[in-house]
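This is what each chain is made of:
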Amino acid sequence: MTTKTALIVDDEAHIRRVLEVKLKKEGMQVMMASNGQEALSLIQENRPDVVITDINMPIMDGKTLCIQTNPLKKEKTFLTIVVTARIEPQDNVWVNALQDTLLMEKPFSPMEILQKIKSYCGEPTEWN
Amino acid sequence: MELKELQNFLMHLTPISHLQYQVWDPDGNRLYPDSEQDIGDPALSQAIQSLTTKVLEKNSYQQDLFAGRHFICGYPLANGKGPLGSLIAYEAETGAQGANASAAPRVWQHTTDMENFLASLAKLLQESWEAREEVNDLAQELDQSFEDLFLYGKIASQIKTLKFSDAMLQSLISSLLINLRADAAFASFYDKPEFNTLVAQQHLNTRLRTDMSFYQQLIDAIPAEVIDAGDKYFVVNRSGSNPTYQPLSPTEYRFLTVRIEHEEGFYGWLGLVSFNMNEIFRQGELQLLVSLAEQLSVVIANTNLYQDLELFIINMVKSLVFAIEAKDVYTRGHSERVSRLSMQMGRQLGLQGDELESLRWASILHDIGKIGIPETILNKPGRLTDEEFEVIKVHPAKGFEILKPVEQLASSLPGILHHHERFDGKGYPNGLAGEQIPLAARIIAVADTFDAISSTRSYRSAKSYYKALSIVKEVAGSQLDPKIVTAFNQIIDEAGYLVGEVSYAN
């Protein structure tokens, strides 16, 4: 187990792209999905170390994705970062109820996302 | 196309072509097939290697006929930045024909075709590498734009608050420092030096560990009028080549500062300092700083307007107070004394911020309703009749009515309306008791009672302060809130009020 894998879930390609480049630069493996449905099967098959997901997406939204993947964390947990353009008060409630799940507001700082990942997974040098 | 894809491409090309292909890096290492793989004839390998060197040296198509039988040709690979290596094609086997005619040198029919083929392949590779780099560069820029956008959003939300404050600036400058990866960020104001803010990175590297005085000298050295008046910013990209800025620091630095200005004037500078000379200030950084400076100037202008408005209200209140005191000759200075005592009690009781401000206005304006009371009653020497007293009793309600339209004083109105309530519920206008009476009103009642007893009123002469204090203590629990009387007593004790305060007697 050397590299860490991240899954980026957002229906906007440019947001996926920014995070992809940022995380690949740190040596992470990156998978991408444009909605919750795609993400769900990727998580079931690949068990990433980090999932970064938007809330408002077509087909399956980020909240449903988080709730459906939360039971998987019992076996082997992973970090979920939920990013949303507008944090509604109830978002804090469901996010707090889930394991290893953080809420961040858009526009986010890619650097800050990376810091959250590092503080959860450790520095890249410790990944080996 | 990644090198790996190129390898796949060549691997598929080999079986359908009678040529073999190789890829070399600029340092003379074979990348494909990988250097471990033996390609046979060492002399042929030698010949290929020397051709790659020639291709790189001349940076053009080269060919050779090794041992008069094996045709070898190569073409340089490059991207926009420089050489990446060379692409080689050669004949490994010359076939039966070659073996038969071993004496006669073979003639290669396809020299021009081969050159064209390698050239187009190299061009295709170059374009794909460049495109990939461009995409990466764009993604980097996008990444930076995200950081800028994030910072801008964060600051814009802080700026929504009308008032300009130390905490807001501190947070803004720190965000700038972190997000723009500068070594120091500052805001400097000509008219408000108390708001000057400087945040610097703490460097572990001693060479860069700069004391704050450097930054101060730097800020002081910024010319008040930039060279070109139209410029919104001032930048020094290399301090080493600038006679004004070079002496300030032995380590070379660069700095960028933008004007904080508004229609009404020039307030100061917002800037960044960096010791990282491998980078320059980006256009995006400049734009971000300019936008932030504009936002800041709006906040400052709003704050100034707000302060003007506040001053206007203070002056208006003073006029109102003068108006009452002009009518009621005996109460001159009363409002101000009651206000001063009330504020002291308020602080003693732990009030702060808006609560204290409300108390200030309520206490100074508590008697404003007396404007509506006939002077003959207000200034009547001796006791008032019951009817006259009933007229006096409307003044808290009148004060409330007078000030009700002033939105800014809304939170002070309860203190004014109820300052004649009694703790035992026998006061007016509503007969509220105990804690039903607003705290401000209970505080004002203590101050008002004390001042009324201790200063000259139309109906009796001033009693001594000691006497006044003992009366206040006597009515604690009936007329006044005992807790507030205790606080009042503490203030009097601590301040030595009755002995020291000469002005109070006037």
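Everything numeric here is computed off the predicted structure, so don't read it as measured data. (Residues numbered from 1 in each chain as written. Chains lettered and ligands numbered in written order. Predicted model: local features only at pLDDT ≥ 70, side-chain atom pairs only at ≥ 80, totals over all residues.)

Caption draft 1: Spotlight on the overall build of chain A. Broken down by element type, chain A carries five helices and five strands. Reading the secondary structure of chain A in the N-to-C direction produces β-α-β-α-β-α-β-α-β-α. Residue burial in chain A is summarised as follows: out of 128 residues, 34% are buried. Long-range contacts, defined as pairs at least 24 residues apart, comprise 61% of the intrachain contacts of chain A with a sequence gap of at least 6. (Helix = DSSP H or I, 4+ residues; strand = E, 2+ residues; numbered from the N terminus. Buried ≥ 20, exposed ≤ 12 C-beta atoms within 10 Å, placed from the backbone. Contact = placed C-beta atoms within 7 Å.)

Caption draft 2: Molecular detail of the overall build of chain B. For chain B, the count of helices and strands is 18 helices and ten strands. Burial statistics for chain B: of 506 residues in total, 33% are counted as buried. Pairs at least 24 apart in sequence give 59% of the contacts found in chain B among residues at least 6 apart.

Caption draft 3: Looking closely at the packing of helix α8 (residues 334-348) of chain B against helix α9 (residues 353-364) of chain B. Residue and element names in this part refer to chain B. Between α8 and α9, the shortest axis-to-axis distance is 8 Å and the interhelical angle comes to 155 degrees. By the angle class used here, α8 and α9 are roughly antiparallel. Once α8 is placed against α9, the crossing between them reads as right-handed. Residues S335, E336, V338, S339, S342, M343, G346 and R347 of α8 form the contact with α9, whose own contacting residues are L356, L359, R360, S363 and I364. Split by residue class, the contact of α8 with α9 holds five nonpolar, five polar and three charged. (Axes fitted to C-alpha atoms, helices over the stretch in contact; angles between N-to-C directions. Parallel < 35°, antiparallel > 145°, perpendicular 65-115°, else oblique. Left-handed = near helix turned anticlockwise from the far one by under 90°. Nonpolar A, V, L, I, M, F, W, Y, C, P; charged D, E, K, R; others polar.)

Caption draft 4: Quick peek at the nonpolar core. In terms of nonpolar packing, the biggest core is built from 67 residues, with I52 of chain A together with I173, A185 and L270 of chain B touching the most fellow members. For this core, the element with the most residues is helix α7 (residues 283-327) of chain B, which contributes seven residues. Those residues within four positions of I173 of chain B in sequence are excluded, and the remaining contacts are A185, F186, A187, T197 and V199 of chain B. Counting residues in each nonpolar core, the second largest holds 39 residues, with M345, L403, L413 and I437 of chain B among its members. (Core = buried A, V, L, I, M, F, W, Y, C linked by C-beta atoms within 7 Å.)

Caption draft 5: Representation of the environment of Q20 of chain B within the structure. All names here are of chain B. Relative to the helices and strands, Q20 is located in strand β1 (residues 20-24). Note on Q20: 21 C-beta atoms within 10 Å, which makes it buried. Distance in space between the C-alpha atoms of Q20 and I39 is 9.9 Å, their sequence separation being 19 residues. The contact partners of Q20, leaving out residues within four places of it in the chain, are T14, Y90 and A92.

Caption draft 6: Local environment of the interface of chain B and chain A. Chain B puts eleven residues into the contact, and the matching count from chain A is ten residues. Among the elements that line the side of chain B that touches chain A, the one with the most residues is helix α4 (residues 111-159) of chain B, at ten residues. The class makeup of the residues in the side of chain B that touches chain A is five nonpolar, four polar and two charged.

Caption draft 7: Summary view of the sheet that holds strand β5 (residues 101-105) of chain A. All names here are of chain A. Taken together, five strands build an open sheet; the order of strands is β2-β1-β3-β4-β5 and the sheet is parallel. Across the chains shown, the open sheet's two edge strands, defined by having one partner strand only, are β2 (29-33) and β5. Neighbour-to-neighbour, the strand axes of the sheet open up by a mean angle of 20 degrees, direction not taken into account. Here five bridges tie strand β3 (residues 50-54) to strand β4 (residues 79-84), and the two strands are oriented parallel to one another. Within the sheet, the bridge partner assigned to T53 lies in β4 and is V82. Its contacts with the sheet place helix α4 (residues 89-97) against β4 and β5, and it is angled at close to 155 degrees to β5. (Pairing = 2+ DSSP bridges.)

Caption draft 8: Broad picture of the pairing of β2 of chain A. Bridge count between strand β1 (residues 5-9) of chain A and β2 of chain A: five bridges; the pairing is parallel. Looking across to β2 of chain A, one finds that L7 of chain A is bridged to M31 of chain A.

Caption draft 9: Expanded view of the sheet that holds strand β9 (residues 254-262) of chain B. Residue and element names in this part refer to chain B. Reading across from one edge, β7-β6-β10-β9-β8 is the order of the five strands in this open sheet, with antiparallel pairing throughout. Every interior strand has two partners, whereas the edge strands, β7 (197-200) and β8 (233-236), have only one. Across the sheet, the mean angle separating the axes of adjacent strands is 10 degrees when strand polarity is ignored. Pairing of strand β6 (residues 184-189) with strand β10 (residues 265-274) involves six bridges; the strand directions are antiparallel. Along β10, the bridge assignment pairs A184 with V273.

Caption draft 10: Representation of the packing of helix α14 (residues 439-454) of chain B against helix α15 (residues 465-474) of chain B within the structure. All names here are of chain B. With their axes 9 Å apart at the nearest point, α14 and α15 run at an angle of 140 degrees to one another. Taken as axis vectors, α14 and α15 run oblique relative to one another. Relative to α15, α14 is oriented so that their crossing is right-handed. Residue-level contacts link V446, T449, F450, I453 and S454 of α14 to Y465, A468, I471 and V472 of α15. Among the residues forming the contact of α14 with α15, the class breakdown is seven nonpolar, two polar and no charged.

Caption draft 11: Spotlight on helix α2 (residues 36-46) of chain A. All names here are of chain A. What α2 keeps buried is the set G36, A39 and I43. Along the axis of α2, the buried positions cluster into a sector of 55 degrees, meaning they face one direction only. Across α2 from its buried face, at more than 90 degrees, point the exposed residues S41, Q44 and E45. Of the surrounding elements, those touching the buried residues of α2 are β1, β2, β3 and α3 (62-69). A positive backbone phi angle near 45 degrees is found at R47, which sits one or two residues after α2. (Arc of directions from axis to C-beta.)

Caption draft 12: Local environment of unusual backbone geometry. Following K106 of chain A, the chain continues to P107 of chain A via a peptide bond in cis, the omega torsion being 0 degrees. With an omega dihedral of 5 degrees, the bond running from Y428 of chain B to P429 of chain B counts as a cis peptide bond. Mapped onto the fold, P429 of chain B is located in the loop between α13 (413-417) and α14. Positive phi, close to 45 degrees, is recorded for R47 of chain A, a residue that is not glycine. Residue class for R47 of chain A comes out partly exposed when judged on the 14 C-beta atoms lying within 10 Å of it. Of note in this structure, D100 of chain A is not a glycine but carries a positive phi near 40 degrees. Mapped onto the elements of the fold, D100 of chain A is located in the loop between α4 and β5.

Caption draft 13: Structural view of the confidence of the model for chain B. Residues and elements named next belong to chain B. Averaged over every residue, the pLDDT of chain B is 82; the share at 70 or more is 87%. When mean pLDDT is taken per element in chain B, α13 scores highest with 94 and helix α18 (residues 502-505) scores lowest with 38. Taken as a whole, residues 96-103 scores under 50 in pLDDT and shows three contacts with residues more than four places along the chain or in a different chain. Reported confidences for the modelled complex are a pTM of 0.52 and an ipTM of 0.73. (pLDDT = per-residue confidence, 0-100.)

Caption draft 14: Looking closely at the pairing of β1 of chain A. The buried fraction of β1 of chain A is high, at four of five residues. The parallel pair β1 of chain A and β2 of chain A, bridged by helix α1 (residues 13-25) of chain A, forms a crossover whose chirality is right-handed. (Right-handed = clockwise from strand over helix to strand, strands pointing away.)

Caption draft 15: Structural detail: α15 of chain B. All names here are of chain B. Along α15, the residues classified as buried are A468, L469 and V472. The buried residues of α15 occupy an angular sector of 100 degrees when projected down its axis, which confines them to one face. Residues of α15 that are exposed and angled more than 90 degrees away from the buried face: Y466, K467, S470 and E474.

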